[in-house]
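Chains, contacts and geometry: an overview
This is what each chain is made of:
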Amino acid sequence: MSHRRLPAAFLAMAAFTAACHKQKPVTAPTPTTTTTTSPTIPNSPPAPPPTVTPRPENTGPSAAEIERMRAAAVATITATIYFDYDKSDLRDDARSTLDSKVPVLRANPAVRIKIAGHTDERGSAEYNIALGQRRAAAAQRYLTGLGIDAGRIEIVSFGEERPARMGEGEEAWSKNRRDEFEVTAGADQIRGARQ
Amino acid sequence: MKVFRTAILLTILAPVTRLTAQDSGKVVKLGGTYGAGRLPGIVVLPVPGSNGDSVRAMLQRDLENGDRVTIIGRDADGLPPVSGTPNYDAFAQLGAASIVQASVTPQGELHVAFHSVAEKRPVQARQFDLAGSPLSGEWRMSVHRAADSLELWATGVVGISATRIAFIREGKVWTVDSDGAGAVMVEGAGYSMSPAWHPSGRYLAFSTLDPSSITMRDLSAGTSRRMTPVVANTSNSAPAFSPDGNTLAFARATADGTEIYLMDAMKGGAARKILTGREGGINTLPSFSPDSRQFAFVSGRLRNPQVYISDVDGSNVRLLTDEGVGDRNYGRTNPSWAPDGHAIAYQSDNENRFQIMTISPSGKNITVLTGESANEHPSWAPDSRHLVFSSVRSGKEQLWVLDTEGARTRQLTFGSTVSKMPAWSPQIPRK
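Residues numbered from 1 in each chain as written. Chains lettered and ligands numbered in written order. Predicted model: local features only at pLDDT ≥ 70, side-chain atom pairs only at ≥ 80, totals over all residues.

Focus on the overall build of chain B
Along chain B, the regular secondary structure elements total four helices and 30 strands. Relative to the globule expectation of 22 Å for 431 residues, the C-alpha radius of gyration of chain B, 23 Å, shows essentially globular dimensions. For chain B, the spread of C-alpha atoms along the three principal axes comes to 75 × 50 × 40 Å. Put simply, chain B has 431 residues, and 48% of those count as buried. (Helix = DSSP H or I, 4+ residues; strand = E, 2+ residues; numbered from the N terminus. Rg over C-alpha atoms; globule rule 2.2 N^0.38 Å. Buried ≥ 20, exposed ≤ 12 C-beta atoms within 10 Å, placed from the backbone.)

Below is the structure:
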């Protein structure tokens, strides 16, 4: 696994879904607040009331927390990865994104996914069907190499036919050279990596 | 937008030439101008009978689109009136070598007499059935067939007017007549790409996405048949028929790479993989030689996609287009082998824009055909002289026709909806 600095969002997801050793479920980061009142200081305004309901002990996560975890797990599974032009090699950021999917896929064995490979508009449209397939296959191979059963992953190619971003220039093109991930089975039962 | 300035200069100034390259690395620009005196003049007399004006307009436009004759007296003003025998001397003065004297009979047939001005007599006479209701697609195709006969009588070469161009518009397969009229959607199901004509003119193959397969449409019966099974993790694309009509080739992409496959075009059945080298790469876009024993194809086995030639069993593979000078990221792709075998057209990444080029199968004669804007997907007309391709030169991607001998271009499709991936049909058979 790469030790490079991960984007904050992925850090939050990784912290959230990684097989962790904490005793309690970890919620998404919230502003730090304590439940104790601040020490009384003459002429200081009264301490603000706590903004977080005290966490109940021994009753498990709330329905809202379960839904948050589920949504985060889905977001992790469906996070897009991007490629350099005319390449199907996985960049470091792509590998990190794929790494974060693994524990969620392990925790949800009923989930199946479809990986769709895409290209930017340059290059021959027919050649890009082949290149898109290659990009999807690269992500599939990486995930199966980390132990995910190949039977859970389907690959397709759309070549340049379904751009995420219209227009010319590297700004748009870089957003189109991508693999998209879609949950094709087991979506309603997805849980966070640990509940 | 990068502009190929040298090519434009030659296009304006140079006479029509085709130069032989000194070595395979030398690229030669095409130039050409039309002089009215270079092409034989032809007069189409006013056509009496129902829809005679439409017939005359179509015949004149078809003859002009062939780029082998010059129309004299297009508006009919100033033409010597003809009752019975033409005044050949008067027509000779106008520069006409031939006179077309046609009429639509009350029975709805097109009667044509073709006069030689030099011989001062009619040299051909023929009756053409005008099928279908007037001005319908079938009726127009009948008139185009007459124009193709006129072309043959005037120049010795059969015309290409009785043909259609298949293309893609918003993910659907369309066809349009060679003169740009009669655009109609052929297949509306799914998302389609890459139409390809069977040499009989009766079938169109194309690929679909999601699910991915090669489909073959019978244009006479109006039915479609899936030629490849829908298999997970497999994308099928870039179909092409062999000129002998027996084989359907296409590219199949799996997790292990993309290879060219062949199958029986008429009987269907299992496709067999043709290995043109080591597996794991991308090999796609087959285009057959005239004798159906070889195909040109695109491979990414070098740094960038290039055009190769292979025997149909995958042996004797050789590189046709060299890497050339400069960083051609998107390489050379989309080969189209001319029906007479003299050249393979393709698109080449020149200065970050695709341009249309041709190369002889030996690799020695290389010609740049376009230098402005971005141009892709060349497909030869049956005369091995005209090409249809897509271009964004008008602002939106549309289809254009190019005369490779004179460099004249004409726009084929118009409007704000993109038209792309053209394929020129053979002669359209009578229904």
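Thoughts on the nonpolar core
Residue and element names in this part refer to chain B. Grouped together as the largest cluster of nonpolar side chains are 73 residues, with contacts concentrated most on Ile-165, Leu-204, Ala-205, Ala-296 and Ile-344. Setting aside residues up to four positions removed in sequence, Ile-165 forms contacts with Thr-175, Val-176, Ser-178, Val-388, Leu-399, Leu-412, Pro-422, Ala-423, Trp-424 and Ser-425. If you look at the next biggest cluster of nonpolar residues, it comprises 30 residues, including Val-47, Ile-72, Phe-91 and Ala-147. (Core = buried A, V, L, I, M, F, W, Y, C linked by C-beta atoms within 7 Å. Contact = placed C-beta atoms within 7 Å.)

Side note on the pairing of strand 26 (residues 375–380) of chain B
Residues and elements named next belong to chain B. Counted residue by residue, strand 26 has six buried out of six residues, so it is predominantly covered. By the bridge criterion, four bridges tie strand 26 to strand 27 (residues 386–391) in an arrangement that is antiparallel. Within the sheet, the bridge partner assigned to Ser-379 lies in strand 27 and is Val-388. Counting the residues between successive antiparallel strands, the hairpin from strand 26 to strand 27 contains five residues, one of them, Ser-384, with a positive phi of roughly 55 degrees. (Pairing = 2+ DSSP bridges.)

As for the sheet that holds strand 20 (residues 306–311) of chain B
Residues and elements named next belong to chain B. The sheet built from four strands is open, its strands ordered 18-19-20-21 with antiparallel pairing. On the outer flanks of this sheet lie strand 18 (283–288) and strand 21 (318–319), each paired with one strand and no other. When strand 20 meets strand 21, the two strands line up antiparallel, connected through two bridges. Bridge assignment links Tyr-308 to a residue of strand 21, and that residue is Leu-319.

Considerations on the interface of chain B and chain A
Across the boundary between the two partners, chain B contributes 24 residues, which contact 21 residues of chain A. Contributions of two or more residues to the side of chain B that touches chain A are made by strand 10 (191–197), strand 14 (235–241), strand 15 (247–254), strand 18 and strand 22 (332–337) of chain B. When its residues are assigned to classes, the side of chain B that touches chain A shows 14 nonpolar, nine polar and one charged. (Nonpolar A, V, L, I, M, F, W, Y, C, P; charged D, E, K, R; others polar.)

Digging into the pairing of strand 5 (residues 109–116) of chain B
Note on strand geometry: in a regular strand, side chains alternate between the two faces of the sheet. Residue and element names in this part refer to chain B. Of the strand pairs in this sheet, strand 4 (residues 96–104) and strand 5 are connected by seven bridges, and their pairing is antiparallel. Bridging from a neighbouring strand, Ile-99 pairs with His-115 of strand 5. Taking the residues between adjacent antiparallel strands as the criterion, strand 4 and strand 5 are bridged by four residues, where Gly-108 takes a positive phi near 80 degrees. Bridge count for strand 5 against strand 6 (residues 121–129) is eight bridges, and the pairing is antiparallel. Paired with His-111 across the strands is Gln-127, a residue of strand 6.

Thoughts on the sheet that holds strand 10 of chain B
Residues and elements named next belong to chain B. Ordered by their spatial adjacency, four strands build an open sheet running 10-11-12-13, and the pairing between neighbours is antiparallel. Strand pairing shows two members of the sheet lacking a second neighbour, strand 10 and strand 13 (223–226), which therefore form its edges. Recorded for the sheet is a direction-independent mean angle of 30 degrees between the axes of neighbouring strands. Of the strand pairs in this sheet, strand 10 and strand 11 (residues 203–209) are connected by five bridges, and their pairing is antiparallel. (Axes fitted to C-alpha atoms, helices over the stretch in contact; angles between N-to-C directions.)

A few points about helix 4 (residues 137–155) of chain B
The terminal C-alpha atoms of helix 4 of chain B lie 26 Å apart, and with 19 residues this matches the ideal 27 Å at 1.5 Å per residue to within 8%. Where helix 4 of chain B terminates, the next one or two residues include Gly-156 of chain B, which has phi positive at roughly 85 degrees. (Expected span 1.5 Å × (residues − 1).)

Overview of the domain arrangement of chain B
Residue and element names in this part refer to chain B. Here the domain parsing of chain B yields domain 1 (5–32 + 163–424) and domain 2 (41–155). Centre-to-centre, using C-alpha coordinates, domain 1 lies 35 Å away from domain 2. Contacts between domain 1 and domain 2 engage eight residues on the former and eight residues on the latter. (Domains from an automatic or database assignment.)

Here we look at the environment of Gly-159 of chain B
All names here are of chain B. Position of Gly-159 among the secondary structure elements: in the loop between helix 4 and strand 7 (164–169). Given 28 C-beta atoms within 10 Å, Gly-159 falls into the buried group. For the pair formed by Gly-159 and Asp-67, sequence separation is 92 residues and the distance between their alpha carbons is 9.8 Å. Contacts of Gly-159, omitting those with residues within four sequence positions, involve Asp-62, Gly-66, Ala-147, Asp-148, Glu-151 and Leu-152.

Examining the packing of helix 3 (residues 92–107) of chain A against helix 4 (residues 125–145) of chain A
Residue and element names in this part refer to chain A. It is at 10 Å that the axes of helix 3 and helix 4 come closest, and there the two elements cross at 50 degrees. Taken together, the axes of helix 3 and helix 4 lie oblique to each other. For the pair helix 3 and helix 4, the sense of crossing is right-handed. Contacts between helix 3 and helix 4 involve Arg-95, Leu-98, Lys-101 and Val-102 on the former and, on the latter, Ala-139, Tyr-142 and Leu-143. The residue inventory of the contact of helix 3 with helix 4, partitioned by class, reads five nonpolar, no polar and two charged. (Parallel < 35°, antiparallel > 145°, perpendicular 65-115°, else oblique. Left-handed = near helix turned anticlockwise from the far one by under 90°.)

Some details on helix 4 of chain A
Between its first and last C-alpha, helix 4 of chain A extends 30 Å over 21 residues, near the 30 Å set by a 1.5 Å rise per residue. One or two residues past the end of helix 4 of chain A sits Gly-147 of chain A, with phi positive at roughly 100 degrees.

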